[in-house]
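Below, each chain spelled out in residue letters.
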Amino acid sequence: MTHGKTTRAIHGMREDHNRPVTYPVYQTAAFWVESSDGFAHVNDYNAEEYFYSRYDNPTLRNVSQKLAGLEQAEECLLFASGMTAITTVMMACLRAGDTVATSSALYGGTLAFFRDWAPRYGINVCWLDEDQLYQVDQVVPTAKVVYFETPVNPRCDVLSIRRVVAAARKINALVIKDNTFASPINQMPLALGVDISIHSATKYLGGHSDVTAGAVMGSRERLAPIFSARKVFGGIPSPHDAFLLDRSLKTLEIRMAQHNGSALALAQALEAHPKVKQVLYPGLESFPGHAIAREQMTGFGGMLCIEVASLEAAKAVCDHLQIALNVAHLGGPETMVSIPVLTSHSMLTPEQLQQARIAPGMVRISVGLENTEDLIADFQQALTYA
Ligand SMILES: Cc1ncc(COP(=O)(O)O)c(C=O)c1O
């Protein structure tokens, strides 16, 4: 019998020795062997035994297995942050002379890696817009990796996963997707043909604004070189952070249901507000990518973006919110706002901002778990200052 997502996220590995209900924190740097022959499998991916916590640790393995189950992956590897996950995957999958085709609409840290770092190692980066991604086989036929996000930060634009995968297949390119904004509850990229799915677990997976981590999901074969790279680059989370993630996964599905419901209610309320020029939320019928979102998402998520008259108006809204916090973060229980031109996209030139359709008056909202009516009232009072 296949259990539901929450059942699987609650019941992970069991520790038979003392039978604790919560899986323990193995706060140890290393594990001793009974005999020197015990080191026979020290370099094996998927070794049954544990040797050194930079390679693997039981508290991490419990979480990895749960996450793999949630996203229908064979395997999952945990990382010390979302950025460590992304950069380690790229360094493991690409070498000098290879070409990566990527979307020009990306999280700022990922964009900085492709723009400032990948070329230093001889990796060619081709920046594509949505339509070019759908024809990546014709636009960049030499691409070894196709990398993208959907929904995209901060406008929540939705790209068709199916179309990107279909084009990439024609040239045998590896498809890697950041699934942070959706979470495995709202979107299952591997089931849609993506090869490797990456999360900043700092966001919804961690879900309490108290842990920095990353996760990479895919087949055992695809993850083997990434496991080797993680061992060498060393970007693995601490056992305590893995323990916090385990705690968080138990409530992931019910948290996402609340994020989804509140975000839709807030988006609808703000759509009707005279000071709001536009509301971008995949769950709204007015949203340009709504049909694609319906096709590939089972929930529309907790992220939305509104536009008011100007940067000054956006600042006035953010500075008058009483519940929501003005912070460059998302996916926690606290509702959070940020002005993209001042935070996540501050490194873009005015021309790049225009190309990415990011207006100075935009406010990105990560809808938290507070009572929905309190949030709507908070934004309505703050908008009077816009
Ligand atoms: C979509 C997305 N991917 C990756 C990251 C990087 O994650 P981390 O901050 O855990 O390194 C972020 C961080 O905000 C993000 O929003």
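This structure is a prediction, so every number in the text was calculated from the model and none was measured. (Residues numbered from 1 in each chain as written. Predicted model: local features only at pLDDT ≥ 70, side-chain atom pairs only at ≥ 80, totals over all residues.)

So, the overall build of the protein chain
Of regular secondary structure, the protein chain possesses 15 helices and 12 strands. Computed over its C-alpha atoms, the radius of gyration of the protein chain comes to 21 Å, within 12% of the 21 Å expected for a compact globule of 386 residues. In terms of overall dimensions, the protein chain has C-alpha extents of about 75 × 50 × 40 Å along its principal axes. Out of the 386 residues in the protein chain, the part that is buried amounts to 49%. Relative to all contacts within the protein chain whose residues are 6 or more apart in sequence, the contacts with residues 24 or more apart total 73%. (Helix = DSSP H or I, 4+ residues; strand = E, 2+ residues; numbered from the N terminus. Rg over C-alpha atoms; globule rule 2.2 N^0.38 Å. Buried ≥ 20, exposed ≤ 12 C-beta atoms within 10 Å, placed from the backbone. Contact = placed C-beta atoms within 7 Å.)

Overview of the pairing of strand 1 (residues 75-79)
Of all five residues in strand 1, five are buried, a share of seventy percent or more. Side chains of strand 1 alternate between two faces, with Glu-75, Leu-77 and Phe-79 and Cys-76 and Leu-78 buried alike. Bridge count between strand 1 and strand 7 (residues 214-218): five bridges; the pairing is antiparallel. Opposite Glu-75, over in strand 7, you have Gly-218 as the bridge partner. (Pairing = 2+ DSSP bridges.)

Some details on the sheet that holds strand 9 (residues 303-307)
The five strands lie next to each other as 8-9-12-11-10, forming an open sheet whose pairing is mixed. Strand pairing shows two members of the sheet lacking a second neighbour, strand 8 (278-280) and strand 10 (325-326), which therefore form its edges. Note that strand 11 (residues 336-338) and strand 12 (residues 362-366) share three bridges and pair antiparallel. Each residue of the ladder has a partner; that of Ser-338, found in strand 12, is Arg-364. Contacts from helix 11 (residues 252-271) reach strand 8 and strand 9, with the element oriented near 10° to strand 9. (Axes fitted to C-alpha atoms, helices over the stretch in contact; angles between N-to-C directions.)

Digging into the nonpolar core
Counting residues in each nonpolar core, the largest one holds 114 residues, and the members touching the most others are Val-89, Val-146, Ala-215, Val-216 and Leu-304. Of all the elements, helix 11 adds the most residues to this core, at seven residues. There are two domains that each give this core at least three residues, and those are domain 1 (5-249) and domain 2 (252-383). Dropping the residues within four chain positions of it, Val-146 is found in contact with Ala-101, Val-136, Val-164, Ala-168, Ala-173 and Val-175. (Core = buried A, V, L, I, M, F, W, Y, C linked by C-beta atoms within 7 Å. Domains from an automatic or database assignment.)

Observations regarding the pairing of strand 3 (residues 124-128)
Bridge count between strand 2 (residues 99-103) and strand 3: five bridges; the pairing is parallel. The residue bridging Ser-103 from the neighbouring strand is Leu-128, located in strand 3. This β-α-β element, strand 2 to helix 4 (residues 108-117) to strand 3, shows right-handed connectivity. (Right-handed = clockwise from strand over helix to strand, strands pointing away.)

Focus on the sheet that holds strand 1
Reading across the sheet, the seven strands line up as 1-7-6-5-4-2-3 and stay open at both edges, with mixed pairing between neighbours. The sheet is open, and its two borders are formed by strand 1 and strand 3, each paired with just one other strand. Across the sheet, the mean angle separating the axes of adjacent strands is 20° when strand polarity is ignored.

Points about the packing of helix 2 (residues 58-70) against helix 10 (residues 239-249)
Close contact between helix 2 and helix 10 brings their axes to 8 Å; oriented N to C, the two are set at 35°. Note that helix 2 runs across helix 10; the crossing there is left-handed. When helix 2 is examined against helix 10, the residues Thr-59, Leu-60, Asn-62, Val-63 and Lys-66 are found in contact with a partner set consisting of Pro-239, Ala-242, Phe-243, Leu-245, Asp-246 and Leu-249. Split into classes, the residues belonging to the contact of helix 2 with helix 10 amount to seven nonpolar, two polar and two charged. (Left-handed = near helix turned anticlockwise from the far one by under 90°. Nonpolar A, V, L, I, M, F, W, Y, C, P; charged D, E, K, R; others polar.)

Some words on the domain arrangement of the protein chain
According to the domain assignment, the protein chain contains domain 1 (5-249) and domain 2 (252-383). A straight line from the C-alpha centre of domain 1 to that of domain 2 covers 26 Å. Each partner contributes to the interface: domain 1 provides 31 residues, whereas domain 2 provides 33 residues. Secondary-structure elements contributing two or more residues to the side of domain 1 that touches domain 2 are helix 1 (5-10), helix 7 (161-169), helix 8 (183-186) and helix 10. By residue class, the composition of the side of domain 1 that touches domain 2 is 14 nonpolar, 12 polar and five charged.

Describing helix 4
Those residues of helix 4 lying buried are Thr-110, Leu-111, Phe-113 and Phe-114. Buried residues of helix 4 fall within an arc of 155° about the axis and therefore sit on the same side. Buried-residue contacts for helix 4 involve helix 3 (82-93), strand 2, strand 3 and strand 5 (174-178). (Arc of directions from axis to C-beta.)

Digging into the packing of helix 11 against helix 15 (residues 372-383)
Between helix 11 and helix 15, the shortest axis-to-axis distance is 10 Å and the interhelical angle comes to 30°. Taken together, the axes of helix 11 and helix 15 are roughly parallel relative to one another. Every pair of crossing elements has a handedness; the one defined by helix 11 and helix 15 is right-handed. Facing Ser-262, Ala-265, Leu-266, Ala-269 and Leu-270 of helix 11, the residues of helix 15 in contact are Thr-372, Leu-375, Ile-376 and Phe-379. A breakdown of the residues in the contact of helix 11 with helix 15 according to their chemical character gives seven nonpolar, two polar and no charged. (Parallel < 35°, antiparallel > 145°, perpendicular 65-115°, else oblique.)

Quick word on helix 10
The buried count for helix 10 comes to eight of 11 residues, which makes it a mostly enclosed element. Restricting attention to buried positions, one finds in helix 10 the residues Asp-241, Ala-242, Phe-243, Leu-244, Leu-245, Asp-246, Ser-248 and Leu-249.

As for the environment of Arg-247
Looking at the secondary structure, you find Arg-247 in helix 10. Exposure remark for Arg-247: the 16 C-beta atoms within 10 Å place this residue in the partly exposed category.

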